[in-house]
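# A look at the structure
One letter stands for each residue in the lines below.
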Amino acid sequence: MSLPLPTIPRPRGEMGSFSFSEAEIEAEAIRLQEAIQQHQRWPIETCRGIAPITLEINRLKKEKNVFLIAHTYQTPDIIYGVADEVADSYTLSKAARDASQQTILFSSVRFMAETAKIVSPHKMVIHPSPEAGCSLSDGITAQDVRDLRAQYPGVPVACYINTTAAVKAECDVSVTSSNYLRICERLPGEKLIFVPDRFMGAHLQKALQGKKEVIVFDGECEVHAVFTGEKVRQWRKRIGENLSILAHPECSADVLEEADFVGSSEKLIHEAIRLGKVGQPDVMLITECGTAERVMAEAEDELNLYGACVMCRHMKATQLEDILQALQEPRDDQIIEIDSDIIARAQHNLDEMFRLAE
Ligand code: 13P
Ligand code: SF4
């Protein structure tokens, strides 16, 4: 499979010295390389270099009984080296809620770690990279939602899960990329306010045309906003009609118009793998690079991945060293704390999501 991907993040700083034998390190390096399945970009020397860190993280996880969750957009060393659960935002919020461990380490962006804390407030949630935000969640405030409510009294407000706890507390229900159509359709009334993603909102407006009026906020994902319909059409022309175009719903209407399949990060992965199985190997994934990296690692059939992915700088802010340090001794700013009143209101919002999504 071929796909232009960004440079692999290198370990930063000193790793510290751990007491693993050469044989343990060699076995771990081989395990990592086999799991990542990109032998050129992840040569055995690189895997040997990170093996002591993944071994130590896995040892500490056991010792401290920590459940390590990673979003698909994290780098492959995190996903295949140390994560206990990897998926899209909906599945990960359920995994955080249902985890038996009392400590969760969430390798991802801040709003996902906050969501884990909301659904399991009695657990300690560690977020190794407090600076890892998201252009969607950082682009709307609780006051923006209060203003919309004042402007459209009585209209239900659905928010994309890519929002802060304070914003969720002001909204009636959260939705994710895997359930926004289903949940919004089930909300009462003929009007609906959707925040903050204008592209997902436009997709909703189209899907609910004639059934509901959808009032949309103007946020966007800085990663998915980069793709254009024009570029996608050029690829289709170059590769031919056999090219299957798979896009994330955070893309613009122009891109989604060209897509053969629209879905969450996890659904895109499953669809690409399915296409490989049924002998349709020409696939273009219009989304963040982590999705293609998982397809490369997990597809058993040959796939030709076309086009270029875009990297999310927020998702890629976390490295193995950050996880190790946060596991050893989390700093105060790496422990998610949310005001109890906000937790209670945001919990109601997420309970509604679980109820309406199932
Ligand atoms: P998913 O729920 O599809 O993983 O989306 C999360 C996200 O931030 C996509 O940009
Ligand atoms: Fe946010 Fe976009 Fe990054 Fe997802 S890919 S975390 S929506 S900035």
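Not measured: the values here are computed from a predicted model. (Residues numbered from 1 in each chain as written. Chains lettered and ligands numbered in written order. Predicted model: local features only at pLDDT ≥ 70, side-chain atom pairs only at ≥ 80, totals over all residues. Heavy atoms only, no water.)

Time to look at the overall build of the protein chain. Scanning the protein chain from N- to C-terminus turns up 15 helices and 12 strands. A compact globule built from 358 residues would reach a C-alpha radius of gyration of about 21 Å, and the protein chain, at 21 Å, matches this within 12%. C-alpha atoms of the protein chain, sized along the principal axes, occupy 65 × 55 × 30 Å. Taking all 358 residues of the protein chain together, 58% fall into the buried category. A fraction of 65% describes how many contacts in the protein chain between residues 6 or more apart in sequence connect residues 24 or more apart. Carbon and sulfur atoms make up 49% of the accessible area of the protein chain, which totals about 15000 Å². A gap of 3 Å separates the mean positions of the 38 positive and 55 negative side-chain charges of the protein chain. (Helix = DSSP H or I, 4+ residues; strand = E, 2+ residues; numbered from the N terminus. Rg over C-alpha atoms; globule rule 2.2 N^0.38 Å. Buried < 20%, exposed > 50% of the residue type's maximum accessible area, 1.4 Å probe, protein only. Contact = heavy atoms within 4.5 Å. Areas by Shrake-Rupley, 256 points an atom, 1.4 Å probe, with all protein chains shown as cover. Lys, Arg positive; Asp, Glu negative; His and termini not counted. Charge placed at Lys NZ, Arg CZ, Asp CG, Glu CD.)

Strands sit in the order S2-S1-S3-S4 across an open sheet of 4 strands; the sheet is parallel. Across the chains shown, the open sheet's two edge strands, defined by having one partner strand only, are strand S2 (85–87) and strand S4 (124–126). Neighbour-to-neighbour, the strand axes of the sheet open up by a mean angle of 20 degrees, direction not taken into account. Relative to S4, strand S3 (residues 103–107) runs parallel, the two sharing 3 bridges. Within S4, the position partnered with Thr103 by the bridge is Met124. (Pairing = 2+ DSSP bridges. Axes fitted to C-alpha atoms, helices over the stretch in contact; angles between N-to-C directions.)

Residues in contact with ligand 1 amount to 13 residues; listed here are only the nearest, His71, Ser89, Ser177, His248 and Ser265. Within the side chain of His71, one N or O atom sits 2.6 Å away from an oxygen atom of ligand 1. Here an oxygen atom of ligand 1 sits 2.8 Å away from a polar atom, N or O, in the side chain of Glu250. In the complex, the protein chains occlude 96% of the 300 Å² of accessible area that ligand 1 would expose alone. (Near = heavy atom within 4 Å. Polar contact = N/O pair within 3.5 Å; in protein donor to acceptor, adjacent residues only side chain to side chain.)

Within the protein chain, residue pLDDT values average 95, and 96% of them lie at 70 or more. Per-residue pLDDT stays below 50 along residues 7–15; that stretch engages in 17 contacts with residues further than four places along the chain or on separate chains. (pLDDT = per-residue confidence, 0-100.)

Between two packed helices, what matters for the description is the angle formed by their axes and the separation of those axes. Taken N-terminus to C-terminus, the directions of helix H1 (residues 22–36) and helix H2 (residues 44–64) make an angle of 105 degrees; their axes are 8 Å apart at the nearest point. Relative to H2, the element H1 lies roughly perpendicular. In contact with Glu24, Ile25, Glu26, Glu28, Ala29, Ile30, Arg31, Leu32 and Gln33 of H1, H2 contributes Ile44, Cys47, Arg48, Ile50, Ala51, Pro52, Thr54, Leu55 and Asn58. Partitioning the contact of H1 with H2 into residue classes produces 10 nonpolar, 3 polar and 5 charged. (Parallel < 35°, antiparallel > 145°, perpendicular 65-115°, else oblique. Nonpolar A, V, L, I, M, F, W, Y, C, P; charged D, E, K, R; others polar.)

Time to look at unusual backbone geometry. Residue Val195 is joined to Pro196 through a cis peptide bond whose omega torsion reads -10 degrees. Within the secondary structure, Pro196 sits in the loop between strand S7 (191–195) and helix H9 (198–207). One non-glycine residue with positive phi stands out, namely Gln37, at about 60 degrees. With respect to the helices and strands, the residue Gln37 is situated in the loop between H1 and H2. Since its relative accessible area comes to 37%, Gln37 is described here as partly exposed. The residue Asn65 is not glycine, and still its phi comes out positive at about 55 degrees. Examined against the element boundaries, Asn65 turns out to sit in the loop between H2 and strand S1 (66–71). With relative accessibility at 46%, the residue Asn65 sits in the partly exposed group.

All right, on to the nonpolar core then. The nonpolar side chains of soluble globular proteins are, as a tendency, buried together. Formed by 66 residues in total, the largest nonpolar core has its most connected members in Ala158, Val175, Cys184, Phe194, Ile286 and Met353. For this core, the leading source of residues is helix H15 (residues 340–357), giving 8 residues. Excluding anything up to four places from it in sequence, Val175 contacts Ala158, Cys159, Tyr160, Ile161, Tyr180, Ile183, Cys184, Phe194 and Met353. Of all hydrophobic cores here, the second largest spans 29 residues; its members include Ile36, Ala51, Leu55 and Ile78. (Core = buried A, V, L, I, M, F, W, Y, C linked by side-chain atoms within 4.5 Å.)

Another point: the site of ligand 2. Taken together, Tyr73, Cys134, Ser135, Leu136, Asn162, Cys221, Val223, Glu250, Cys312, His314 and Met315 are the residues near ligand 2. Taken together, the residues of the shell around ligand 2 break down into 7 nonpolar, 3 polar and 1 charged.

With respect to topology, 4 strands assemble into an open sheet ordered S6-S5-S7-S8, the strand pairing being parallel. On the outer flanks of this sheet lie strand S6 (173–175) and strand S8 (213–216), each paired with one strand and no other. Within the sheet, the average angular offset between the axes of one strand and its neighbour, ignoring direction, is 30 degrees. Packing against the sheet, H15 makes contact with strand S5 (157–160) and S6, and its axis sits at approximately 55 degrees to S6.

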